[in-house]
Structures are given as structure tokens and as C-alpha cells.
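Chain by chain, the residues run as shown.
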Amino acid sequence: MILARGKFTTRRKALLGLVLVLLAVVAWLHFTGAAATRGLERKQMDWDNNGQVTMSEMLQSLYAVKVEITHEGARECRAYSWRGSTETLRVDCRTTMQPAAPKP
């Protein structure tokens, strides 16, 4: 028995195109180091250090703030800066513990 497939309608094509465009935008943002794609919480997006996170600061994490991640042994540092500038907004460093190597 052969199953008949429905047509790929114009609405479905438009939805697929929109999903592909959004996926490409998120991939580009991650590739360029956008802060929003690096696992920030909302409270960490306070770029002007006034204690309140506004919608414009959250949007800046998409297009204006980049993150550079460096590893020094067990220490991982994230330096936040404006795109096109060498001025650092903030540096967050954490020490991460690696699992013990298995014994032979």
C-alpha cells in the first residue's frame, strides 16, 4: 500500500525558510562571540553596573557585546568587551574541577 503525501504548501515553505534563517542568525552570533549565546543569565547582562538590567542591555548582549574565553589550566576566564573595542567591560573567572583520571 502506498501512502499519499500532502503537498508542501506555501505556508510550510515560508515557515521552513524562517526557521532556517533564524538558525543561521544564531549560528553567526555564536561564531562571532556574541555574549547572549554564551550562557549568560539575565542578571549578568548589567553592562553599565547600575544594578538594573534593562531590555536594551539584554539586546546589547546580542549585537554589541562579545566574549573571549581563555583557559589557564583549571581556570576559565570570560572577558566581556564592546565589539570593535579593546575596552574590557568585565572579566569573570572560575576554577573548574576536572574528573580524576581512571586508574588502569
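Residues numbered from 1 in each chain as written. Predicted model: local features only at pLDDT ≥ 70, side-chain atom pairs only at ≥ 80, totals over all residues. Heavy atoms only, no water.

### Notes on helix H1 (residues 10-31)
Item 1. Taking 1.5 Å per residue, 22 residues should reach 32 Å; H1 reaches 31 Å between its end C-alpha atoms and fits that length.
Item 2. The element H1 is barely covered by neighbouring structure, given that only 1 of its 22 residues are classed as buried.
Item 3. Once H1 finishes, Gly33 follows within two positions and takes phi at roughly 85°, a positive value. (Helix = DSSP H or I, 4+ residues; strand = E, 2+ residues; numbered from the N terminus. Expected span 1.5 Å × (residues − 1). Buried < 20%, exposed > 50% of the residue type's maximum accessible area, 1.4 Å probe, protein only.)

### Considering the packing of aromatic side chains
Item 1. Inspection of the entire model under this criterion finds 1 aromatic pair.
Item 2. With a centroid separation of 5.7 Å and an interplanar angle of 45°, the aromatic rings of Trp47 and Tyr80 are classed as tilted. Of this pair, Trp47 sits in the loop between H1 and helix H2 (55-63) while Tyr80 sits in strand S2 (residues 75-82); the two residues are 33 residues apart in sequence, bridging distant segments of the chain. Across this residue pair, the class does not change: Trp47 and Tyr80 are buried. (Phe/Tyr/Trp six-rings, centres within 6.5 Å; stacked < 30°, edge-to-face > 60°.)

### Quick notes on the nonpolar core
Item 1. Of all hydrophobic cores here, the largest spans 8 residues; its members are Ala35, Leu40, Met45, Trp47, Val53, Val65, Val67 and Tyr80.
Item 2. Residues in contact with Met45, not counting those within four places in the same chain, are Leu40, Val53, Glu57, Met58 and Ser61. (Core = buried A, V, L, I, M, F, W, Y, C linked by side-chain atoms within 4.5 Å. Contact = heavy atoms within 4.5 Å.)

### Topic: the state of the cysteines
Item 1. Under the counting rule described, the total for this entry stands at 1 disulfide.
Item 2. A sulfur-sulfur distance of 2.1 Å marks the disulfide that ties Cys77 to Cys93. Looking along the S-S bond of the Cys77-Cys93 disulfide, the torsion reads about 110°, which is the right-handed sense. With Cys77 in strand S2 and Cys93 in strand S3 (residues 88-95), this pair connects stretches of sequence that are 16 residues apart.
Item 3. Of the residues examined, Cys77 reaches a relative accessible area of 11% and is grouped as buried.
Item 4. Take Cys93: its relative accessible area is 33%, and that puts it in the partly exposed class. (Disulfide = S-S within 2.5 Å.)

### So, the confidence of the model for the protein
Item 1. When pLDDT is averaged along the protein, the result is 85, and 93% of the positions lie at 70 or above.
Item 2. When pLDDT is averaged over each element of the protein, H1 comes out on top at 94 and H2 at the bottom at 87. (pLDDT = per-residue confidence, 0-100.)

### Some remarks on the environment of Arg90
Item 1. The topology assignment puts Arg90 in strand S3.
Item 2. With 40 residues separating them in the primary sequence, Arg90 and Asn50 have C-alpha atoms 14 Å apart.
Item 3. Non-local contacts of Arg90, meaning those with residues more than four positions away in its chain, are made with Gln44, Asp46, Trp47, Arg78, Ala79 and Tyr80.

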